[in-house]
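Secondary and tertiary structure notes
Single-letter residue listing:
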Amino acid sequence: MNQAALILIKPDGLKKSLTGNILTRLSETKLEIVAAKMARVSRGLAEEHYKHLKDKPFFEEIIRYLRGELHDRRKVMALVYWGKEAIKKCRELAGATNPEEAEPTSIRGSYGRITTSGVYENVIHVSSNELEAEREIKLWFAPEEIIVELYPKKEVSERDFKRAVWA
Ligand code: IDP
Ligand code: MG
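Notes on the structure follow. (Residues numbered from 1 in each chain as written. Chains lettered and ligands numbered in written order. Predicted model: local features only at pLDDT ≥ 70, side-chain atom pairs only at ≥ 80, totals over all residues. Heavy atoms only, no water.)

1. With respect to the site of ligand 1
Of all residues adjacent to ligand 1, which total 14 residues, the nearest are Lys-10, Thr-97, Arg-108, Tyr-120 and Asn-122. Contact distances for ligand 1 include 2.8 Å between an oxygen atom and a side-chain N or O atom of Asn-122. Protein contact buries 83% of the 530 Å² of open area that ligand 1 shows by itself. Judged by the fraction of its atoms near the pocket grid, ligand 1 is located in the largest pocket. Across the shell around ligand 1, the residue classes tally to seven nonpolar, four polar and three charged. (Near = heavy atom within 4 Å. Polar contact = N/O pair within 3.5 Å; in protein donor to acceptor, adjacent residues only side chain to side chain. Areas by Shrake-Rupley, 256 points an atom, 1.4 Å probe, with all protein chains shown as cover. 1 Å grid on protein atoms, 1.4 Å probe; cavity = no way out; pocket = protein on both sides within 12 Å on 5 of 7 lines; lining within 4 Å. Sits in = over half its atoms within 2 Å of the grid points. Nonpolar A, V, L, I, M, F, W, Y, C, P; charged D, E, K, R; others polar.)

Structure below.
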């Protein structure tokens, strides 16, 4: 069954110039990329993304990490991979959360590290299950940014709605 998975190339991945390497590794899955963009990460977005970890002692640090405050790169690359068993395939390639325990040839095993303050800098985020994937994809992307129909959507008309267009 086709699945969608949210992938984030985290600020350490960007700072280490790993975008190409990571996308090359992920292309082994033969999955389809159905959305991609660079995104600024507001505090609200980061806190919502990691809300299941709110009670963890490392919560504040991973918010700072995702926002790029530890790497002077205030952005992430966000992508949606789509296809058969997308979550399992992407998580396998990503490797374990703790980069020291991750399989050495996995993405996290190859490029991750643990900082002296204890943050697992593991260069990539991958959704952990279908429910989380749906929640995360809806958080990071608007319907029109995704080129396949993933989830039900609705139309709303907005009065006096302003948006930027090219001058
Ligand atoms: P996942 O990214 O493998 O799904 P989660 O448990 O969702 O792992 O944790 C989110 C992120 O928080 C991890 O990718 C990692 O950067 C960081 N993290 C998770 N557990 C720890 C920990 O025990 N110490 C430090 N950082 C952690
Ligand atoms: Mg997770």
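2. Some words on the pairing of strand E1 (residues 2-9)
Counting buried positions over the eight residues of E1 gives seven, a clear majority of the element. The sheet contact formed by E1 and strand E3 (residues 76-84) spans eight bridges and is antiparallel. Paired with Ile-7 across the bridge in E3 is Leu-79. Of the pairings in the sheet, the one linking E1 to strand E6 (residues 124-126) comprises three bridges and is antiparallel in character. Paired with Ile-7 across the two strands is Val-126, which belongs to E6. (Buried < 20%, exposed > 50% of the residue type's maximum accessible area, 1.4 Å probe, protein only. Helix = DSSP H or I, 4+ residues; strand = E, 2+ residues; numbered from the N terminus. Pairing = 2+ DSSP bridges.)

3. A few points about the layout of surface pockets
Looking at the largest pocket, its volume works out to about 420 Å³. Residue lining of the largest pocket: 21 residues in total, with Lys-10, Tyr-50, Leu-53, Thr-97 and Asn-122 positioned closest to the centre. Elements represented by at least two residues in the lining of the largest pocket include exactly helix H4 (59-66), E6 and helix H7 (130-140). The element contributing the most residues to the lining of the largest pocket is E6, with three residues. Of the residues that constitute the lining of the largest pocket, the class distribution is nine nonpolar, seven polar and five charged. Its boundaries defined by the atoms lining it, the second largest pocket holds a volume of some 230 Å³. (Points joined across faces, edges and corners; volume = space filled by probe spheres on them.)

4. Brief notes about the packing of aromatic side chains
On inspection of all chains with the given rule, the structure shows zero aromatic pairs. A cation sits over an aromatic face here: Lys-37 above Phe-141, 4.6 Å from the ring centre. (Phe/Tyr/Trp six-rings, centres within 6.5 Å; stacked < 30°, edge-to-face > 60°. Lys NZ or Arg CZ within 6 Å of the ring centre and 35° of its normal.)

5. Overview of the sheet that holds E1
The strands that make up a sheet are held in pairs by hydrogen bonds between backbone atoms, and each pair lies either parallel or antiparallel. Ordered in space as E2-E3-E1-E6, the four strands form an open sheet in which the pairing is antiparallel. Each having just a single partner strand, strand E2 (32-39) and E6 make up the two edges of the open sheet. Direction aside, neighbouring strands of the sheet carry axes that sit 15° apart on average. Running at roughly 55° to E1, H7 makes contact with E1, E2, E3 and E6 of the sheet. (Axes fitted to C-alpha atoms, helices over the stretch in contact; angles between N-to-C directions. Contact = heavy atoms within 4.5 Å.)

6. Concerning the environment of Glu-69
Looking at where Glu-69 falls in the secondary structure, it is placed in the loop between H4 and E3. Given a relative accessible area of 29%, Glu-69 falls into the partly exposed group. A sequence separation of 58 residues divides Glu-69 from Pro-11, and the C-alpha atoms of the two residues are 8.6 Å apart. Those residues within four positions of Glu-69 in sequence are excluded, and the remaining contacts are Arg-64 and Arg-74.

7. Description of unusual backbone geometry
Not every positive phi belongs to a glycine, and Lys-30 is a case in point at roughly 60°. Residue Glu-85 is not a glycine yet carries a positive backbone phi of 50°. Classification of Glu-85 as partly exposed rests on a relative accessible area of 36%.

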